[in-house]
Amino acid sequence: MTADQQTIRDLVDGIRFAMLTTQDGGRLVSRPMTPLRIEDDLTLLFVTQRDTDVAQQSVAGPVNLAFAEKGTFVSISGTAELLDDVELKKDLWSIATEAYTEEGPEDPSNVVLAVHPESASYWESASAPVTIVSMLKAAVTNGKPEAGDHGTVEL
């Protein structure tokens with residue numbers, strides 16, 4: 001894993017929710033999803049049901065995952081596929097997946113949604129008090145506030 005890939009992994013690891021964006025007839029649709037695992041190649045795994053809009057739209061075109069938490073923002077673009085691996089579903093299964101699906105991991109209508117990242121952009125900003133001080137300083141000096149760290153990574 002490259003240093004850039006590790007940066008992305010470190011930034012999104014532990015963020016409980018991502019907004020998954022897909023296309024539906026030419027318009028963008030986003031919904032919250034819970035990432036259940038990040039693989040070594042940065043593939044992000046979710047559990048959903050095969051016949052849902054999220055599953056069907058995800059495999060029909062490019063997807064985007066947006067993560068945000070406490071001054072950290074990450075946007076990951078890529079493609080998705082549905083996996084029917086029962087052992088993988090069992091491994092990922094939890095109370096949370098059970099709440100949004102029917103039956104269990106053996107049910108063929110439940111699938112793993114694997115998002116394969118192609119690129120990512122990230123922004124990290126300081127805490128709110130530091131950001132406010134930076135903005136005040138910029139206003140007094142006619143400068144720009146320090147925006148924090150930003151980068152784009154090809155994955």
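These numbers come from a predicted model, not from an experiment.

Enquirer: What is the right way to read helix 1 (residues 3–12) from this model?
Expert: The periodicity of an α-helix, 3.6 residues per turn, causes residues three or four places apart in sequence to face the same way. If you check which residues of helix 1 are buried, you get Gln5, Ile8, Leu11 and Val12. Taken around the axis of helix 1, the buried residues stretch over an arc of 130 degrees, which confines them to a single face. Opposite the buried face of helix 1, by more than 90 degrees, sit the exposed residues Ala3 and Asp10. Tucked into the core, helix 1 has its buried residues touching strand 3 (37–38), strand 5 (63–69), strand 6 (72–83), strand 7 (110–124) and strand 8 (149–154).

Enquirer: How do you make sense of the pairing of strand 2 (residues 27–33) when you look at a structure like this?
Expert: Successive residues of a regular strand alternate their side chains across the two faces of the sheet. Note that strand 1 (residues 18–24) and strand 2 share seven bridges and pair antiparallel. Within the sheet, the bridge partner assigned to Met19 lies in strand 2 and is Pro32. Joining the antiparallel neighbours strand 1 and strand 2 is a turn of two residues, in which Gly25 adopts a positive phi near 60 degrees.

Enquirer: Help me understand the side chain of Asp107 in this model?
Expert: Along the chain, the position of Asp107 falls in the loop between helix 4 (95–100) and strand 7. Despite its burial, Asp107 remains without a salt bridge, the nearest opposite charge being carried by Lys89 at 6.6 Å. The residues touching Asp107, leaving out its near neighbours within four places in the chain, are Lys89 and Glu102.

Enquirer: Please explain the pairing of strand 5 as it appears in this structure.
Expert: By the bridge criterion, three bridges tie strand 1 to strand 5 in an arrangement that is antiparallel. Considered in strand 5, the bridge of Met19 is made with Ala66. Sheet topology note: the strand 5/strand 6 ladder contains seven bridges and is antiparallel. Across the sheet, Ala68 pairs through a bridge with Phe73, a residue of strand 6. Following strand 5, the chain reverses through two residues before pairing antiparallel with strand 6; Lys70 in that reversal takes a positive phi of roughly 45 degrees.

The rules behind each value
- Residues numbered from 1 in each chain as written.
- Predicted model: local features only at pLDDT ≥ 70, side-chain atom pairs only at ≥ 80, totals over all residues.
- Heavy atoms only, no water.
- Buried < 20%, exposed > 50% of the residue type's maximum accessible area, 1.4 Å probe, protein only.
- Helix = DSSP H or I, 4+ residues; strand = E, 2+ residues; numbered from the N terminus.
- Arc of directions from axis to C-beta.
- Contact = heavy atoms within 4.5 Å.
- Pairing = 2+ DSSP bridges.
- Lys, Arg positive; Asp, Glu negative; His and termini not counted.
- Salt bridge = Lys/Arg side-chain N within 4 Å of Asp/Glu carboxyl O.

As far as function goes, none of this settles anything; it's purely spatial.
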